[in-house]
Amino acid sequence: MSPPVAPPGWSRWLVPPAALSVHLSIGQAYAWSVFKPPLESALGLSGTQSALPFQLGIVMLGLSAAFGGTLVERKGPRWAMTVALICFSSGFLLSALGASLEQYWLIVFGYGFVGGIGLGIGYISPVSTLIKWFPDRPGMATGIAIMGFGGGALIASPWSAQMLESFGGDSSGIALAFLVHGLSYAVFMLLGVLLVRVPRTEKPVESGPSVLAGPQVSAKQAIRTPQFWLLWLVLCMNVTAGIGILEKAAPMIMDFFADTSTPVSVTAAAGFVALLSAANMAGRIGWSSTSDLIGRKNIYRVYLGVGAIMYALIALFGDSSKPLFVLCALVILSFYGGGFATVPAYLKDLFGTYQVGAIHGRLLTAWSTAGVLGPLIVNWIADRQEEAGRHGASLYGLSFVIMIGLLVVGFVANELVRRVDPRHHVPAPKEAAHVGRQQSESA
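Residues numbered from 1 in each chain as written. Predicted model: local features only at pLDDT ≥ 70, side-chain atom pairs only at ≥ 80, totals over all residues. Heavy atoms only, no water.

Our focus in this paragraph is the overall build of the protein. In terms of helices and strands, the protein carries 19 helices and 0 strands. In terms of overall size, the protein behaves like a compact globule, its C-alpha atoms giving a radius of gyration of 22 Å where 443 residues would be expected to give roughly 22 Å. With the C-alpha coordinates aligned to their principal axes, the bounding extent of the protein is approximately 65 × 50 × 35 Å. A burial count over the protein gives 55% of its 443 residues as buried. In the protein, the proportion of contacts linking residues at least 24 apart, taken out of those at least 6 apart, comes to 84%. (Helix = DSSP H or I, 4+ residues; strand = E, 2+ residues; numbered from the N terminus. Rg over C-alpha atoms; globule rule 2.2 N^0.38 Å. Buried < 20%, exposed > 50% of the residue type's maximum accessible area, 1.4 Å probe, protein only. Contact = heavy atoms within 4.5 Å.)

Within the secondary structure, tyrosine 30 is located in the loop between helix H1 (15–26) and helix H2 (36–43). A residue is classified by how much of its surface remains accessible, and tyrosine 30, at 18% relative accessible area, is buried. Sequence spacing of tyrosine 30 and methionine 60 is 30 residues, and the spatial spacing of their C-alpha atoms is 15 Å. Apart from residues lying up to four places away in sequence, tyrosine 30 is in contact with Phe149, Gly150, Ala153, Leu246, Asn280, Arg284, Tyr336, Phe340 and Trp367.

Let us look at unusual backbone geometry. One non-glycine residue, glutamate 102, lies in positive phi territory at about 55°. Of note, glutamate 102 is situated in the loop between helix H5 (77–101) and helix H6 (104–124).

Turning to the packing of aromatic side chains, a few remarks are in order. The final tally for this structure, using the stated rule, is 31 aromatic pairs. Note on tryptophan 32 and phenylalanine 178: the rings are 6.3 Å apart at their centroids and 0° apart in plane angle, and the pair reads as stacked. With tryptophan 32 in the loop between H1 and H2 and phenylalanine 178 in helix H9 (residues 171–195), this residue pair connects regions lying 146 residues apart in the sequence. Taking relative accessible area as the criterion, phenylalanine 178 reaches 0% and is therefore assigned buried. Plain terms: the ring middles of phenylalanine 149 and tryptophan 367 are 5.5 Å apart, the flat faces sit at 80° to each other, and that makes the pair edge-to-face. Here tryptophan 367 lies in helix H17 (residues 365–387) and phenylalanine 149 lies in helix H8 (residues 138–167), a separation of 218 residues in the sequence. (Phe/Tyr/Trp six-rings, centres within 6.5 Å; stacked < 30°, edge-to-face > 60°.)

Let us now look at the packing of H8 against helix H13 (residues 266–294). At a minimum axis separation of 7 Å, H8 and H13 run at an interaxial angle of 175°. One way to sum up the angle between H8 and H13 is to call them roughly antiparallel. When H8 is examined against H13, the residues Pro138, Gly139, Met140, Gly143, Ile144, Ile146, Met147, Phe149, Gly150, Gly151 and Leu154 are found in contact with a partner set consisting of Ala274, Ser277, Ala278, Asn280, Met281, Arg284, Ile285, Ser288, Ser289, Ser291 and Asp292. In terms of residue class, the contact of H8 with H13 is built from 11 nonpolar, 9 polar and 2 charged. (Axes fitted to C-alpha atoms, helices over the stretch in contact; angles between N-to-C directions. Parallel < 35°, antiparallel > 145°, perpendicular 65-115°, else oblique. Nonpolar A, V, L, I, M, F, W, Y, C, P; charged D, E, K, R; others polar.)

In structure tokens, the structure reads:
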């Protein structure tokens, strides 16, 4: 399947909706918790067991993005979106079969392994194409698409809950809900497959910058540079700090105010989780667009430096003021989302557009690491503190100190990022010939 080249007069503003159709679909992953209680009840699972499909899905996201990034770059966005559609939808269909047969291993394999491959390939599928269409505003372009991943749960959570209420929370009801998800997302993602195009020329915007402007570095060379590993560390630290709150948001806010005169109800805690999802989504477009104005290094100074201050405020004063706790958590989650959306543009600034999709895929292994590290830090320490007889906000004090330290490490790593040494650059004639050959084969 060759990359579809845009005909003359094609509007570049049709590409972000194509990307959104994929990202809004795979963003369902953040709504997995809706299925946890009915699965635990219907199949007799523990909380740890019911989390396995999500955890495996995030691990496979990073691994498939890393190993499939070069293929995505070579074969183009339509091929990648098609693979994502097949894997993500098949994951739900396999899960439906597993729920129907009450075979949980099939749900783990379907949603976690097969669906996780769809997550990874789908996540990086539009990145390189968007940056090439919007060389003048790469942060905004990638922010629009990646915003969909953060906002997918806002659609999927109530939709999934309504289906489970209608179909029932037993194994057959769960199976039917999985089946509807798989078929519906296949149709929605197909819109992106049919709509996506790659630019015909190196300058898709008249009088705008060329997509080949600046240094160009291959994915193979990029991972040999200190800049790549410094950015890996920056992303990992930022994601760890954000997911540390996101994964345990509802019980955390209830614990913080359990010993006060105004405890937080279950309903209010659920509303807090919804607010965090909105902040996550808004940060992806808001902060990434801001990075086009103030620069990528500066915006990560905000994410990491101000993020550390927000954690410190929660640790010191969070249990005495609900508005302060909520505000600081919303800011941290906006930085969490913004970090995801800004990093493709940061990569483009450092390594060029030559193989930015493949480089981005490799960098997402930082997400896989953070997806394990963040929840492990918060949950393990909270469990140990509870065993020691502590309760309320004291369950999280040490965790927050660790998060502040990790953000400081990320801040320092960001400060050490410099321009890539020219010895890693792809020679201009070779790079231009590669792009020309790609476009002639696609025409």
